[in-house]
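Chains, contacts and geometry: an overview
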Amino acid sequence: MAPKRALITGITGQDGSYLAEFLLEKGYEVIGMVRRSSTVNFERIKHIQDKLTLVSGDLLDEVSLIHILREHRPHEVYNLAAQSFVQTSWPQPVFTGETTALGVTRLLDAVRIVDPGIRFYQASSSEMFGKVVEVPQKETTPFYPRSPYGVAKVYGHWITVNYRESYGMHTTSGILFNHESPRRGLEFVTRKISHGVARIKLGLDEELRLGNLEARRDWGFAGDYVEAMWLMLQQDQPEDYVIATGETHSVREFCELAFSYVGLDYRDYVVIDQRFMRPAEVDLLIGDPSKARQKLGWQPRTSFSELVQMMVEADLQLVKEQMR
Ligand code: NAP
Ligand code: G4F
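Our subject in this report is the structure included herewith. Here the structure is a predicted model, which means the values were calculated and not measured.

Quick look at the site of ligand 2 now. What surrounds ligand 2 is a group of 23 residues, the closest being Ser125, Ser126, Tyr149, Arg278 and Glu281. The separation between an oxygen atom of ligand 2 and a polar side-chain atom of Lys192 is 2.7 Å. One of the side-chain N or O atoms of Arg278 is found 2.6 Å from an oxygen atom in ligand 2. About the coverage of ligand 2: the protein hides 96% of its 710 Å² of free accessible area. The residue inventory of the shell around ligand 2, partitioned by class, reads 10 nonpolar, six polar and seven charged.

Written out as structure tokens, the structure reads:
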């Protein structure tokens, strides 16, 4: 039988790289959409680059999306591309909306035009719950986004539901809570901490400047979460799912554990810096992944402490290599 083909937008990002690995393991032909930039940023996929088909396109340009779908005729499309950094969404709200909200419609519409039978995954986010109205948050919890990013994701979620209901398409919105890894971008708090810890331990820095230490997140491992994306598209009926660990920890706890892993006390190094505070904060996120456990048979495999340890170890290794 011919292998299944999947198109991943955002393949150069954290989740795109793990999903590409996962689908290659499953025997898929993987097509990755990359946008043009003046320097190549294939760092996260260079180890599998020879197994991928990389094509040029952009969520801001619907024609490019139609061309890619016509030429490669994927069976499944995973829309992971987005302006994904919440903090940037305040100074760049329109760009965030163009990419993270309208970009979803461009891709959905391209799928509808080329082949409405293609299965579609939308990377929705726990940021949509924002100022939470229920604890823990589940598929039926109302949204209350707190950033232009969160607002854009709410649009992306509902347009995905709408294309399912309007056109009978197999479209799924995965509401994923924070998931991290050694491939996380350096500006996100977990990676900022693990990288900062490594630099301090190795004598390169003397402090780590952070914002709100009391914010709480439900943090899982990205490698576990991409399996859930795939499982969602294997279901006969498209539905939306919350993917989370069901545990919540503060930024302070993350610091405490990460610094203690290398024998340091975070209180000696962490400095509160107003520049990293947000105009409106999401104070608490904790997901209820029961539906995913029951219907998809999915559950997270990596604990919070394993995640912190994995990230600190990887950054110690990375910083040591950079020092050579
Ligand atoms: P990420 O590392 O920031 O990756 C984002 C990807 O989107 C990159 O490959 C980026 O390309 C691409 N991209 C950005 N704008 C684009 C455009 N206009 N056209 C085409 N590609 C574009 O994000 P991630 O952590 O892997 O997250 C993946 C998705 O899940 C995102 O949609 C994010 O919002 C969502 N999400 C993430 C989490 C989480 O905790 N990680 C939780 C819930 C939802 P470049 O490499 O060229 O910049
Ligand atoms: O790591 P963060 O920047 O992630 P955030 O805002 O939760 O967003 C991530 O998860 C979402 C899922 O809920 C995704 F949709 C989104 O794409 C992204 O992947 O911030 C986490 C928390 C915030 O409350 C922030 O205020 O950490 C707090 N924080 C404290 N000091 C900091 C810092 N965040 C960053 N980035 N940098 C700091 O210095």
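A word on the pairing of strand β4 (residues 76-79). Residues Glu76 and Tyr78 of β4 are buried on one face, and the alternating residues Val77 and Asn79, pointing to the opposite face, are buried as well. Judged from the four bridges that link them, β4 and strand β5 (residues 119-125) form a sheet pairing that is parallel. For Val77, the partnering residue across the bridge sits in β5 and is Phe120. In this fold, β4 hands off to helix α3 (residues 93-114), which returns the chain to β5; that crossover is right-handed.

What follows covers the packing of helix α1 (residues 14-25) against helix α6 (residues 222-233). Packing of α1 against α6 leaves a shortest axis separation of 9 Å and a crossing angle of 65 degrees. When the axes of α1 and α6 are compared, the crossing they make is right-handed. Touching Gln14, Asp15, Tyr18, Leu19, Phe22 and Leu23 of α1 are Ala222, Gly223, Val226, Glu227, Met229 and Trp230, all from α6. Of the residues contributing to the contact of α1 with α6, the split by class is eight nonpolar, two polar and two charged.

Along the polypeptide, Ser37 turns up in the loop between β2 (29-34) and β3 (53-56). Note: C-alpha distance between Ser37 and Glu253 (216 residues apart in sequence) is 37 Å. At a separation of 2.6 Å, a polar atom in the side chain of Ser37 contacts the main-chain carbonyl oxygen of Thr39.

Cut-offs applied
Residues numbered from 1 in each chain as written. Chains lettered and ligands numbered in written order. Predicted model: local features only at pLDDT ≥ 70, side-chain atom pairs only at ≥ 80, totals over all residues. Heavy atoms only, no water. Near = heavy atom within 4 Å. Polar contact = N/O pair within 3.5 Å; in protein donor to acceptor, adjacent residues only side chain to side chain. Areas by Shrake-Rupley, 256 points an atom, 1.4 Å probe, with all protein chains shown as cover. Nonpolar A, V, L, I, M, F, W, Y, C, P; charged D, E, K, R; others polar. Buried < 20%, exposed > 50% of the residue type's maximum accessible area, 1.4 Å probe, protein only. Helix = DSSP H or I, 4+ residues; strand = E, 2+ residues; numbered from the N terminus. Pairing = 2+ DSSP bridges. Right-handed = clockwise from strand over helix to strand, strands pointing away. Axes fitted to C-alpha atoms, helices over the stretch in contact; angles between N-to-C directions. Left-handed = near helix turned anticlockwise from the far one by under 90°. Contact = heavy atoms within 4.5 Å.

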